[in-house]
Amino acid sequence: MKILYLTTVLPSERKTGGEIASQCFIDALKQDGHKVLVVGYQRQGDVLLNSLADEMSVGQRHIETGKSKFRACFWMILSFITRLPYSSAKYYSPAYKNAIAKLLAQYNYDIVILDHAQLGWLLPFIDKKLPIIFMAHNIEQELYREQSEKTISKFWQYIYKRESRLIQEMEETLAKRSESVWTFTTHDGNYFSTINPDTRVFHLPSSAIELESPTTLRKNCDIGIIGSWTWKANMLGLKWFFQTVYPHLPKHLSIQVAGKGAEWLEGRYCNVKYCGFVPDAQEFMSQAKVIAIPSVSGGGVQIKTLNAIASGSAIVATPVAMRGISDYPASIKVAENPKDFATYLIQMLSLSHKHTSCDHKMTDFQQINLLWSHKRRENFLADVKYAVKNFSRNMGCGV
């Protein structure tokens, strides 16, 4: 089938969890033999060294609000003028609209996939006869409602409540207009199924490159933490860790934190090293005896949890970090209470030492985690294949 995949940011560089999730579906669709054209923005300043033939850029955009400077004010004004959510106004442009109109006029597509609720403003420009699949990464209105409840500023309470209300309207409109809604967690699936009965839950696989040989990397720290800390939900988790978990940990343990946006950690704790951006996230996780994933906010599946499992390291995570991931391997401990989180870290460090290989053979944790990751990937590919086949049969499309 010929599929037009409309997204916010071209995901092939896999810079964020959302981009990784999108690319998982794109790769699965291509592997099943479908022709997929991906349309979206490039990040401002990004240069695609190997431009893909099946990707189409509609221009460059500042994506993260924190880096957009005065543009954030423009987007907010545009949001009020157009009555769009702020998170949609960021992606609104005549260039995107015109590109879609031109593509739909020139080519016959079997399906349009709208990736992210923020692109709901494109709906009026898509032929009503053309089947649509809505890819819901999260229940967006829940995330903004949660932000409104956590802030004490009346101004930001108003902004977040407005965003929650407007994005909810967009999510519901998309779900009703679409022939099917694809979600990543049972929680999200249950919500959207009340709006659209044809809602499917997909268990995303790890996007990490799996170990091809039974070798082990040298462990260079006790506890590793990695994330994109410019994202507010992630930063809340990192601060929760250092404010509530860290005091319960022995000070001789070495802790390394990787990812942009946590410069405030530099020199603050004697046993903590801030690494900043690391070129290979998977290598960083593989070199930690235990990975801590202290998420306290957010929705959808957390991709770094899946990649941490594929790294072969032991893991201690919060329930929020494990959303959408059930039947996880024995190398993972889950704790919500800070003291319990610290206790599990110490316990898993002891277990990690016992499971560490000194003869270049795969550790027990690596074997367990890789088997789990392989099975999850196979199930995901089969689920996508079945969903498209069933969808095309119901819509009378050619496969």
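Details of the structure are given in the entry above.
The structure reproduced in this document is the subject of the present report. Numbering of residues begins from 1 in every chain and follows the order in which that chain's sequence is written. Reporting of local features is limited, given that this is a predicted model, to residues whose pLDDT is at least 70; pairs of side-chain atoms are given and counted only at 80 or more, and all residues count toward the totals for whole chains, interfaces and linings. The basis for the side-chain values is all heavy atoms of the structure; hydrogens and waters are excluded.

**Examining the overall build of the protein chain**
(1) Moving on: Broken down by element type, the protein chain carries twelve helices and 13 strands.
(2) Moving on: It is over C-alpha atoms that the radius of gyration is taken, and the globule rule equals 2.2 Å times the number of residues to the power 0.38. Computed over the C-alpha atoms, the radius of gyration of the protein chain is 22 Å, within 12% of the 21 Å expected from 2.2 N^0.38 for a compact globule of 399 residues.
(3) Moving on: By its C-alpha atoms, the protein chain is 65 × 50 × 40 Å across when sized along the principal axes.
(4) Moving on: Classification of residues uses two cut-offs on accessible area relative to the type maximum, computed with a 1.4 Å probe and protein chains only: under 20% is buried, over 50% is exposed, and between them is partly exposed. When each of the 399 residues of the protein chain is scored for burial, the buried share is 54%.
(5) Moving on: Contacts in the protein chain between residues far apart in sequence, at least 24 positions, make up 65% of those at least 6 positions apart.
(6) Moving on: Summing over all exposed atoms, the protein chain offers an accessible surface of approximately 18700 Å²; the carbon and sulfur share of this is 54%. Numbering goes from the N terminus for both helices and strands, where a helix is a DSSP run of H or I of at least four residues and a strand is a run of E of at least two. Note on contacts: a residue pair is in contact if any heavy atoms of the two residues lie within 4.5 Å. Accessible areas in this description were obtained via Shrake-Rupley with a 1.4 Å probe; residue shielding takes into account the shown protein chains only.

**Some remarks on unusual backbone geometry**
(1) Moving on: At His-116, a position not held by glycine, the phi torsion is positive, near 95°.
(2) Moving on: Considering the arrangement of structural elements, one finds His-116 in the loop between β4 (111-115) and β5 (132-135).
(3) Moving on: With phi around 55°, Asp-327 is a residue other than glycine that occupies positive phi space.
(4) Moving on: One can find Asp-327 in the loop between β12 (314-317) and β13 (332-334).
(5) Moving on: The exposure class of Asp-327 is exposed, given its relative accessible area of 70%.

**Describing the sheet that holds β12**
(1) Moving on: We treat two strands as partners when DSSP finds at least two bridges between them. Taken in spatial order, the six strands line up as β10-β9-β8-β11-β12-β13 in an open sheet, and their pairing is parallel. The open sheet has two edge strands, β10 (272-276) and β13, and neither has a second partner. On average, each strand axis in the sheet is tilted by 20° relative to the strand beside it, whichever way the strands run.
(2) Moving on: Pairing between β12 and β13: three bridges, direction parallel. What sits directly across from Ile-315, in β13, is Ile-332.
(3) Moving on: Lines fitted to C-alpha atoms define the axes, with helix axes restricted to the stretch in contact, and inter-axis angles between N-to-C directions lie between 0 and 180 degrees. Contacts from helix α8 (residues 232-245) reach β8 (221-226), β9 (255-258), β10 and β11 (288-293) within the one sheet, and its direction differs from that of β9 by about 165°.
(4) Moving on: With respect to the sheet, helix α10 (residues 303-311) is in contact with β8, β11, β12 and β13, its orientation differing from that of β11 by roughly 165°.

**Considering the packing of helix α5 (residues 140-150) against helix α6 (residues 154-177)**
(1) Moving on: The geometry of α5 relative to α6 is characterised by a closest axis approach of 8 Å and an angle of 170° between their N-to-C directions. In this view, α5 runs roughly antiparallel relative to α6, as classed from their interaxial angle. Residues Glu-140, Gln-141, Tyr-144, Arg-145, Gln-147 and Ser-148 of α5 lie in contact with α6, whose contacting residues are Gln-157, Tyr-160, Lys-161, Glu-163, Ser-164, Ile-167, Gln-168 and Glu-171. In this scheme, roughly parallel covers angles under 35 degrees and roughly antiparallel covers those over 145, while 65 to 115 is roughly perpendicular and the rest are oblique.

**Looking at the packing of aromatic side chains**
(1) Moving on: Each pair of aromatic rings taken from Phe, Tyr and Trp, with Trp reduced to its six-membered ring, is defined by centres within 6.5 Å and is described as stacked if the planes are under 30 degrees apart, edge-to-face if over 60, and tilted in the remaining cases. Enumeration according to the criterion identifies 23 aromatic pairs in this entry.
(2) Moving on: Here the aromatic rings of Trp-182 and Phe-202 are separated by 4.8 Å at their centres, their planes lie at 50°, and the arrangement is tilted. A residue pair is termed long-range when its members are at least 10 positions apart, and Trp-182 in strand β6 (residues 180-183) and Phe-202 in the loop between β7 (199-201) and β8 qualify at 20 residues. Comparing Trp-182 with Phe-202, the two get one shared label, buried.
(3) Moving on: In this structure an aromatic cluster arises from ring pairing among Trp-240, Phe-241, Phe-242, Tyr-246, Trp-264, Tyr-269 and Phe-341.
(4) Moving on: Lysine and arginine charges are scored as sitting over a ring when NZ or CZ, respectively, is within 6 Å of the ring centre and within 35 degrees of the ring normal. In this structure, Lys-2 packs its charged tip against the face of Tyr-109, placed 5.7 Å from the ring centre.

**Details of helix α7 (residues 186-193)**
(1) Moving on: Within the sequence span of α7, burial applies to Asp-188, Gly-189, Tyr-191 and Phe-192. Viewed end-on, α7 has its buried residues packed into an arc of 160°, placing them on one side of the element.
(2) Moving on: Summarising the contacts, the buried residues of α7 are in contact with β5, α5, α6, β6 and β7. Directions from the helix axis toward the C-beta atoms define the arc.

**Quick look at the nonpolar core**
As a rule of thumb, nonpolar side chains are buried together in soluble globular proteins.
(1) Moving on: Phe-25 and Leu-204 are the most contacted members of the largest nonpolar core, which totals 47 residues.
(2) Moving on: Of the residues forming this core, the biggest block, seven residues, is contributed by helix α1 (residues 17-31).
(3) Moving on: Among buried residues, those of type Ala, Val, Leu, Ile, Met, Phe, Trp, Tyr and Cys that are joined through side-chain atoms within 4.5 Å constitute a nonpolar core. If you look at the next biggest cluster of nonpolar residues, it comprises 37 residues, including Tyr-41, Tyr-109, Trp-121 and Met-170.

**A short note on the sheet that holds β6**
(1) Moving on: On the basis of which strands lie adjacent, the open sheet formed by seven strands has the order β3-β2-β1-β4-β5-β6-β7 and parallel pairing. Where the open sheet ends on each side, the last strands, each with one partner, are β3 (55-61) and β7. Adjacent strand axes in the sheet meet at a mean angle of 20°, parallel and antiparallel pairs treated alike.
(2) Moving on: Taken together, the five bridges between strand β2 (residues 35-43) and β3 define a ladder with parallel strand orientation. Following the sheet pairing, Val-38 is matched in β3 by Glu-55.
(3) Moving on: On top of the sheet, helix α4 (residues 94-106) reaches β1 (2-9), β2 and β3; it is set at about 165° to β2, its chief contact.
(4) Moving on: Against the sheet, α7 makes contact with β5, β6 and β7, and its axis sits at roughly 175° relative to β7, the strand it touches most.

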